[in-house]
Structure formats: structure tokens, C-alpha cells
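Overview (structure and organization)
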Amino acid sequence: MTSKPEQGESASVADERLTGAHDLALSALREITPADTVGPAAGYTLEDGGVVSLRFHTRLSGYPGWFWTVSVAVVEDSEPTVLEVELLPGEGALLAPDWVPWATRLAEYQAAQAAAASDGVDDESDDDGDDLDDDESDDDESDDDEDDADDDEPKARFHAGDLDGVDIDELDADHPRHEADADSDDEDDEGDDLEDDDDRDEGERSY
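Right, let's walk through the structure included here. These figures come from a predicted structure and were not determined experimentally. (Residues numbered from 1 in each chain as written. Predicted model: local features only at pLDDT ≥ 70, side-chain atom pairs only at ≥ 80, totals over all residues. Heavy atoms only, no water.)

1. Structural notes on the pairing of strand 2 (residues 52-58)
Of all the seven residues making up strand 2, five are buried; the element is thus mostly covered by neighbouring parts of the structure. In textbook terms, the turn of a hairpin is the stretch between consecutive antiparallel strands, and for strand 1 (residues 38-46) and strand 2 this stretch comprises five residues, one of which, glycine 49, has a positive phi near 80°. In the sheet, strand 2 pairs with strand 3 (residues 66-74) via six bridges, with the strands oriented antiparallel. By the bridge assignment for strand 3, phenylalanine 56 is matched with tryptophan 68. (Buried < 20%, exposed > 50% of the residue type's maximum accessible area, 1.4 Å probe, protein only. Helix = DSSP H or I, 4+ residues; strand = E, 2+ residues; numbered from the N terminus. Pairing = 2+ DSSP bridges.)

2. Some points on the sheet that holds strand 1
Within a sheet, neighbouring strands are paired by backbone hydrogen bonds and run either parallel or antiparallel to one another. The strand order 1-2-3-4 describes an open sheet built from four strands, whose pairing is antiparallel. Bordering the open sheet on either side are strand 1 and strand 4 (80-89), each of which pairs with just one other strand. With strand direction ignored, the average angle separating the axes of adjacent strands in the sheet is 25°. (Axes fitted to C-alpha atoms, helices over the stretch in contact; angles between N-to-C directions.)

3. Remarks on the packing of aromatic side chains
For the structure shown, the criterion picks out one aromatic pair. It is arginine 55 that lies over the ring of phenylalanine 67; its NZ or CZ is 4.6 Å from the centre. (Phe/Tyr/Trp six-rings, centres within 6.5 Å; stacked < 30°, edge-to-face > 60°. Lys NZ or Arg CZ within 6 Å of the ring centre and 35° of its normal.)

In C-alpha cells form, the structure reads like this:
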């Protein structure tokens, strides 16, 4: 309703017709909310211009400390009439946070996304650097292990008479054929010496 209360009425004194207009207020509330959501009367508040706001407890879940409020007034010497019906918070009521414009919320969201993306890039670069360092350290350790293994293994000595690490001369020295060949060489040498002695004897006997 758009009617205004009488201007001549004192704002300091509440009209008894308004403070007692509970039936009128409840009738207005039933037009916007089920009757079981309206609790008992909870007093009134004197507003500017002689307007009286009648309050009723609310039984709506999720609205502790709130009151159904019906503003009533007397307009042009007529009967009390309803100006406004609303659900208003009382002292200590649970309130929603202050409204923030959509443009502001969008700018804050975009800034947060950009910050998160930059942090993610930094984390990935750090992880890549750590992986490279780990790989290099693993390679160094594997090379060191291979070098140590090579140092521990005995190394074979090779020379001209070796075949696959086997000393052929030593094998020949232990082989029976080698001894037989040595004996035959000694016999040949003895035979040569005898022939030389015979030749000398024949020379001495010749005239």
C-alpha cells in the first residue's frame, strides 16, 4: 500500500487502534505465508509519522531471531490499514553477509584463478627440476657402482703367447710331448758330437 499516515498525529504517542490491530496484521500475514509459520505476538515498535510496526515470532526454520513485522497506520480518519508486511531480523539474529556486486565478485574470482594458475606453474617447474636432479644423481651412482665393480674384478695379464688369457708356454712346458721333444733334441746333439769325433779320427789317420 502507498497511503501515508496522518501528519498531525504525534510521533511520541502510539494509537491504541494500531497497537491492538493484531487481527488485521495476522490477516495480512496469511496472505504471504502459511498460518503455521506465524508465532505469538512479540510487541510493537513506534515508527515516524505515527506508524506502528506489530511484530510476531516466526516459526520458519533457519530464521532464529527474526520476526514477522506488519506496519499499520490510520489514514485520513479511516480505520487502521496495513502499509507493509515483511520478515525482519531482531537483535542477535543470524544474518546473511553483505551483498557484493557481481562485477566485483567476478573480478575477485578471476584474480584468484590467475594466482592459482601461476602457483601451479611454479610448482610444476620445481618438480621438473627435482626430477632432473634425481635422474642425474641416479646416473652418477650407477656409474660409480660400475667403476667399483670393475676395480673389484681381477684383471688378466696378456702377452704375445697368451690365448684367451691362457699362457701357452706354461702348458707346453708341462705337456709330455714337450719333454719327449727335448729328449730327442738332446739325442740329436749327442749324435752330432759322435759324428764330429769320427770325422776327426779319420782325418788324423789319413796320410
